[in-house]
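Now for the letters of each chain:
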Amino acid sequence: MAARSVATLLKRSVSAATSTQTTRCMSSSSTPKRKVAVLGAAGGIGQPLGLLMKLNPLVTDLSLYDIAGTPGVAADISHVDTGARVEGFAGEQDLGEALKGCDVVIIPAGVPRKPGMTRDDLFKINAGIVKGLCTAIAEHCPGALVNMISNPVNSTVPIAAEVFKQHGTYDPRKLFGVTTLDVVRARTFYSSLKGLSVREVNVPVVGGHAGITILPLFSQASPKVQLTDDEIEALTKRTQDGGTEVVQAKAGKGSATLSMAYAGALFAEACIKGLNGEENIQCTYVASNITDLPFFSSKVRLGKNGVEEVLGLGTLSDYEQNGLDALKEELRSSIQKGIDFVNPQHA
Ligand SMILES: NC(=O)c1ccc[n+]([C@@H]2O[C@H](COP(=O)([O-])OP(=O)(O)OC[C@H]3O[C@@H](n4cnc5c(N)ncnc54)[C@H](O)[C@@H]3O)[C@@H](O)[C@H]2O)c1
Ligand SMILES: O=C(O)C[C@H](O)C(=O)O
């Protein structure tokens, strides 16, 4: 899953940063043109994510959009000597221009948590932000792959789907909730507990992206190492509470930004690789029928059309099956909350 991409991203980023010539050659001859937009580009996630996208030689055009602050961020990132052409857009009147021709749109726009808040507490503000941005995507780049980072992801993805349905542009293969940070955390915690090389480690994480809806499947981790029940419990809990761990450590100054930018860059790269014909498998929150929930995160095969196949859950341990049973009610209600937000007449 993510293991090889991690090493590849870092290696490629370094070589891209030190060899403009090589990057330009790759962009113009061997790789297709790929335009990526970051919406919320001046924020805590948006800035490092914009930088990582600028370092990625698969990106030929980078569009940085925020309601404020983007000119400075765009000017700054544009001086990095890699191939991607950078444009900054600030203010709602520029949004259409920012989105035109995009292959991938990454959305980290919205408010982050403070200590004591749940992700669902962000719904009030972020639901409206996501609805507005997705309306613009439907109008200006309806064929783009949308990578939703804004929380609560369990609800913002259904919001996006409903907006696209209203505009007649909904293609479930092209809408993704980004849950890569959960996988990154599970890999980190598992490898460090067991003294494994993190580059060799993979752990699928399924369900959703909030509290108990985050369900890491350590029974399917590779390489397989014996875990006691207590270790499984501790690893699961730490993965589920990883976001809260960062929120508390930042003590009122927001939530995960740097690790999220890294995870977001990995997932965007996986999407672009898929579009370019390099199929790969990632865990992500998508329209799904592998459970009785309409959206669910699981392993997904990415390809030229976005989602090529939603893969099944495989064999679960009793502990994981209990976790799956326990998460469904919360996830179902978060999904419905998103649907009702766009269709209040049906609520
Ligand atoms: N999916 C995940 O795993 C994950 C991980 C970390 C954070 N998040 C979420 O990502 C979001 C952003 O977090 P952050 O730390 O970057 O917050 P931030 O406050 O630092 O940045 C958010 C940015 O969004 C911009 N913004 C607000 N409304 C906008 C609009 N209508 N159009 C464009 N831009 C707009 C703001 O101006 C700001 O620059 C939060 O909702 C957070 O909970 C998700
Ligand atoms: O925890 C948060 O509020 C941000 C994000 O969803 C995370 O998992 O770090």
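Being a predicted model, the structure only gives us computed values, none of them experimental. Each chain carries its own residue numbering, running from 1 in the written order of its sequence. Chain letters and ligand numbers both follow the written order, the letters beginning at A and the numbers at 1. Side-chain atom pairs in this predicted model are given and counted only at pLDDT of 80 or more, local residue features only at pLDDT of at least 70, and totals for whole chains, interfaces and linings cover all residues. Based on all heavy atoms of the structure, the side-chain values leave hydrogens and waters out of the count.

Looking now at the confidence of the model for the chain. Values of pLDDT, which run from 0 to 100, indicate the predictor's confidence residue by residue. Confidence along the chain averages 93 in pLDDT terms, with 91% of residues attaining 70 or more. Under a pLDDT of 50 for its full length, residues 1-28 has, in the predicted model, 50 contacts with residues more than four places off or in other chains. Interface confidence for the predicted complex, given as ipTM, is 0.99, next to a pTM of 0.94. What makes two residues a contact is simply this: any of their non-hydrogen atoms within 4.5 Å.

Lining residues are those with an atom within 4 Å of a point, where the points come from a 1 Å grid over the protein atoms alone and group into cavities, where a 1.4 Å probe fits but cannot get out, or pockets, open sets with protein on both sides within 12 Å along at least five of seven lines. Grid points are joined across faces, edges and corners, and a volume is the space filled by probe spheres set on the points. Size it by volume and the largest pocket reaches roughly 830 Å³. Contributing to the lining of the largest pocket are 40 residues, with P108, A109, G110, V111 and S150 lying nearest its centre. Secondary structure elements with two or more residues in the lining of the largest pocket: β2 (61-66), α6 (123-140), α8 (180-194) and α10 (242-250). Helix and strand definitions follow DSSP, with helices as H or I runs of at least four residues and strands as E runs of at least two, each counted in order from the N terminus. Here the element with the most residues in the lining of the largest pocket is α6; it accounts for five residues.

This next bit is on the side chain of T60. The topology assignment puts T60 in the loop between α3 (46-54) and β2. Polar contacts, as counted here, are pairs of nitrogen or oxygen atoms within 3.5 Å of one another; within protein the pair requires one atom able to donate a hydrogen and one able to accept it, and residues that are adjacent in sequence qualify only if both atoms are side-chain atoms. A distance of 3.3 Å separates a polar atom in the side chain of T60 from a polar atom in the side chain of D61.

Here we take up the site of ligand 1. When at least one non-hydrogen atom of a residue lies within 4 Å of a molecule or strand, that residue is treated as near it. Residues in contact with ligand 1 amount to 27 residues; listed here are only the nearest, G44, I45, D66, V111 and N151. G43 is positioned with one of its backbone polar atoms (N or O) 3.3 Å from an oxygen atom of ligand 1. G44 is positioned such that a nitrogen or oxygen atom in its backbone is 2.8 Å from an oxygen atom of ligand 1. Areas reported as accessible are Shrake-Rupley estimates using a 1.4 Å probe. Residue values count occlusion only from the protein chains shown. Here ligand 1 loses 85% of its free accessible area of 870 Å² to cover by the protein chains. Any molecule with more than half of its atoms within 2 Å of a cavity's or pocket's grid points is regarded as sitting in that cavity or pocket. Judged by the proximity of its atoms to the pocket grid, ligand 1 belongs to the largest pocket. Elements with a contribution of two residues or more to the shell around ligand 1: β2 and α6. In terms of residue count, α6 provides more of the shell around ligand 1 than any other element does, three residues in total. Each residue is assigned to one class: nonpolar for Ala, Val, Leu, Ile, Met, Phe, Trp, Tyr, Cys and Pro, charged for Asp, Glu, Lys and Arg, and polar for all the others, Gly among them. Residues of the shell around ligand 1, tallied by class, amount to 16 nonpolar, ten polar and one charged. By convention here, the domain bounds are inherited from an automatic or database domain assignment. Residues from two domains meet in the shell around ligand 1; each of domain 1 (28-177) and domain 2 (180-339) gives at least three.

In this section: the side chain of T179. Along the chain, T179 turns up in the loop between β6 (175-177) and α8. Not counting the four nearest positions on each side in its chain, T179 is found in contact with G208, H209, C283, T284, Y285 and S297.

UniProt positions are given in the numbering used here, feature names are shortened, and annotations may be inferred rather than shown by experiment. In the numbering used here, UniProt assigns the feature "domain: Lactate/malate dehydrogenase N-terminal" (unreviewed entry) to residues 35-177. The span residues 35-177 carries 38% helix and 20% strand; its end-to-end C-alpha distance comes to 20 Å.

Our focus in this paragraph is the pattern of salt bridges. For this document, the term salt bridge refers to a Lys or Arg side-chain nitrogen within 4 Å of an Asp or Glu carboxyl oxygen. One pass over the full model with this rule turns up 16 salt bridges. Across the salt bridge formed by D103 and R34, the nearest N and O atoms sit 3.2 Å from each other. Separated by 69 residues along the polypeptide, D103 in the loop between α5 (95-99) and β4 (104-107) and R34 in the loop between α2 (20-30) and β1 (35-39) bring together distant segments of the chain. Its relative accessible area of 14% is what places R34 among the buried residues. Look at the salt bridges and you will find they share partners, linking K33, D61, R85 and E87 into a network. Only protein chains enter the accessibility calculation, which uses a 1.4 Å probe. A residue is then buried if its area is under 20% of the maximum for its type, exposed if over 50%, and partly exposed in between.

A word on the UniProt feature "domain: Lactate/malate dehydrogenase C-terminal" (unreviewed entry) in the chain. UniProt records the feature "domain: Lactate/malate dehydrogenase C-terminal" (unreviewed entry) at residues 179-341, using the numbering of this structure. Taken end to end, residues 179-341 is 48% helix and 17% strand, and its first and last C-alpha atoms sit 22 Å apart.

The local shell around ligand 2 consists of R113, R119, N151, L181, R185, H209, G243, S255 and A256. Between H209 and ligand 2, the recorded distance is 2.6 Å, taken from a side-chain N or O atom to an oxygen atom. With the chains in place, 95% of the 260 Å² that ligand 2 exposes on its own is no longer accessible. Comparing atom positions with the cavity grids shows ligand 2 to sit within the largest pocket. Considering only residue class, the shell around ligand 2 consists of two nonpolar, four polar and three charged.

What you tend to see is this: most non-glycine residues have negative phi, and most peptide bonds are trans. The step from N151 to P152 runs through a cis peptide bond, and the omega angle for that step is -5°. Relative to the elements of secondary structure, P152 occurs in the loop between β5 (145-148) and α7 (153-166). Here the amide bond leading from S222 into P223 is cis, since omega sits at -5°, within 30 degrees of zero. Assignment of secondary structure puts P223 in the loop between β8 (214-216) and α9 (229-240). Even without being a glycine, A251 presents a positive backbone phi close to 50°. Mapping A251 onto the fold places it in the loop between α10 and α11 (258-275).

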